[in-house]
Amino acid sequence: MKRQKDAGATGEGNDLPCSVGLGHGRRVDMVRAPGWLRYAWLRHGFSTRAGGVSTIYDSGASVGSLNLGWTQQDDPANVAENRRRFMAAIAGVPTQTATASCSKPSAPCSLSPVPCLVTLRQFHSGTVHHVEAEDRAQPARLQTADGRAVLRGDGMMTGVPGVFLGIQTADCVPVLVADVRRRAVAAFHAGWRGTLARIVERGIGTMRLRYGSRPQDLVAIVGPSIGPCCYAVGEEVRHEFESQFAYARELFSEVYDSDPVREKYPLLFLTARAPGHSNLGPQIHLNLWEANRRQLLDAGIPARRITVIGECAACAGVGAASGRKYFSHRAESGFTGRMMAVIGVAAAPAKAVKPTTPERWRLGGPCAVR
Ligand SMILES: [Zn+2]
């Protein structure tokens, strides 16, 4: 495991994010919070571009990228293979031995140690679902035969072992939450609209109701997504946030264009536009990481149990030899793939084990419908 230092990360026990790679060739790299690895029953990870077979979003590149969304441009066979690789990495099994995936959850996959993946038809809402054992027994409730999501919403929670929750993003904020006492997990998709709808704060309320979760038993990660460095929004978004959050002013910053030509010759740019149409004013940048951290705090989770990965989807890796690290809808003008944030309770081993005991995946366990 390679630990990756990131000054932007915060959280319990100096909880720096790490990259984990599995498989041959270009590895499936994902970002995780090392502090969470102490929980043997808990699985989680945030995908990056690295490790897939898609080529549509990386013209000229010698290796494919890990597009995990059923986008219009990409070949579904590539997406299915990318999902298989990523879920194998999440489950901690060698990619080459993970011969089946739950992209077809209605098919038996008793030979695969790869867990079942549940995704959503996301629409920037505050809608949250909980996935129960009976849903797993009827996979058609959750996904179509070819792996497409059935449920509409932007948050999910479950306490069912072997059911892994996947949130897809390409700038929006994925937030993962785990109740380490009750062994329940949740995943949220929080763009500005979902954040405004308090999806994380309200979702944790639902966890309390559904699982009896206590805030002090929860841990949370705010995942890679567009950062305050790059997320310019309109004035109307600021007004919406100010109407809903007493701390809204702390979430916005004004960023001035640093064009050196403008700085040297400001008069050249002062005369061209009519009053009210100047583009010389500051851009308004929104900090969705902090907005969602505040919701986690307001839900009662102690600050030391919250990790902010702090890597911007739009600019992380740009200019580096390895290239752009994430997919970004903004930075790539909409022509881009999708990352996935996944969390789940590991499938129950054959015998109950203490949380600190290394866990074995029971063959035939995770995806078998019981
Ligand atoms: Zn950025």
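Conventions and cut-offs
Residues numbered from 1 in each chain as written. Predicted model: local features only at pLDDT ≥ 70, side-chain atom pairs only at ≥ 80, totals over all residues. Helix = DSSP H or I, 4+ residues; strand = E, 2+ residues; numbered from the N terminus. Buried ≥ 20, exposed ≤ 12 C-beta atoms within 10 Å, placed from the backbone. Contact = placed C-beta atoms within 7 Å. Pairing = 2+ DSSP bridges. Axes fitted to C-alpha atoms, helices over the stretch in contact; angles between N-to-C directions. Expected span 1.5 Å × (residues − 1). pLDDT = per-residue confidence, 0-100.

(A) Main features of the overall build of the protein chain. Secondary structure assignment for the protein chain yields 7 helices and 17 strands. Counting over 370 residues, the protein chain shows a buried share of 46%. Taking contacts inside the protein chain between residues at least 6 apart in sequence as the whole, the part at least 24 apart equals 67%.

(B) Layout of the environment of I167. Considering the arrangement of structural elements, one finds I167 in strand β9 (residues 163-169). When the 28 C-beta atoms within 10 Å are taken as the criterion, I167 is described as buried. Taking C-alpha positions, I167 is 8.4 Å from Q122, a pair spaced 45 residues apart along the chain. In this view, I167 contacts P174, A187, F188, H189, M340 and A341; residues no more than four positions away in its chain are not counted.

(C) A look at the pairing of strand β8 (residues 155-158). Neither face of β8 is open: one carries G155 and M157, the other M156 and T158, and all of them are buried. Bridge count for strand β7 (residues 128-131) against β8 is 4 bridges, and the pairing is parallel. Within β8, the residue paired with V131 across the bridge is T158. Pairing of β8 with strand β11 (residues 184-190) involves 4 bridges; the strand directions are antiparallel. Each residue of the ladder has a partner; that of T158, found in β11, is V185.

(D) Fine view of the sheet that holds strand β14 (residues 252-255). Ordered in space as β13-β15-β14, the 3 strands form an open sheet in which the pairing is antiparallel. The strands lining the two open edges of the sheet, one partner per strand, are β13 (232-233) and β14. Of the strand pairs in this sheet, β13 and strand β15 (residues 283-286) are connected by 2 bridges, and their pairing is antiparallel. Bridge pairing in β15 places V233 opposite I284.

(E) Region of interest: the pairing of β11. The buried fraction of β11 amounts to 7 of the 7 residues, a majority that puts the element mostly inside the structure. Neither face of β11 is exposed, since A184, A186, F188 and A190 on one face and V185, A187 and H189 on the opposite face are all buried. A loop of 4 residues connects strand β10 (residues 173-179) with β11, the two strands running antiparallel in sequence, and R183 in this loop sits at a positive phi of about 60°.

(F) Highlighting the sheet that holds strand β12 (residues 218-222). Pairing in this open sheet of 6 strands is mixed, and the strands run β7-β8-β11-β10-β12-β16 from one edge to the other. Two strands in the sheet have a free side with no partner beyond their single neighbour: β7 and β16 (306-308). On average, each strand axis in the sheet is tilted by 15° relative to the strand beside it, whichever way the strands run. Sheet analysis places β10 next to β11, joined by 7 bridges and oriented antiparallel. Bridge pairing links V175 to F188 in β11. Relative to β11, helix α4 (residues 199-211) is tilted by about 160°, and along the sheet it contacts β7, β8, β10, β11 and β12.

(G) Focus on the environment of R85. If you trace the backbone, R85 turns up in helix α1 (residues 76-91). Linking R85 and L68, residues 17 residues apart in sequence, is a C-alpha distance of 10.0 Å.

(H) Focus on the environment of R182. Residue placement: R182 occurs in the loop between β10 and β11. The sequence separation of R182 and L218 amounts to 36 residues, and the corresponding C-alpha distance is 9.3 Å. Discounting residues that sit within four places of it in the chain, R182 has contacts with G159, Y211, G212, S213 and D217.

(I) Local environment of unusual backbone geometry. Positive phi outside glycine occurs at H124, with the angle close to 60°. Following the sequence through the fold, H124 ends up in the loop between β6 (116-118) and β7. Positive phi values are uncommon outside glycine, yet R198 reaches one of about 55°. For R198, the location among the structural elements is in the loop between α3 (192-196) and α4.

(J) Highlighting α1. Taking 1.5 Å as the rise per residue, α1 with 16 residues should run 22 Å; its terminal C-alpha atoms sit 22 Å apart, in good agreement. Of all 16 residues making up α1, 12 are buried, and the element is well covered by its neighbours. Of the positions making up α1, those classed as buried are N78, V79, N82, R83, R84, R85, F86, M87, A88, A89, I90 and A91. Of the residues flanking the end of α1, it is G92, one or two places downstream, whose phi is positive at about 80°.

(K) Layout of the confidence of the model for the protein chain. Of all residues in the protein chain, 74% attain a pLDDT of 70 or more, and the chain-wide mean is 82. The model gives residues 1-25 a pLDDT under 50, and that stretch makes 68 contacts with residues more than four places away or in other chains.

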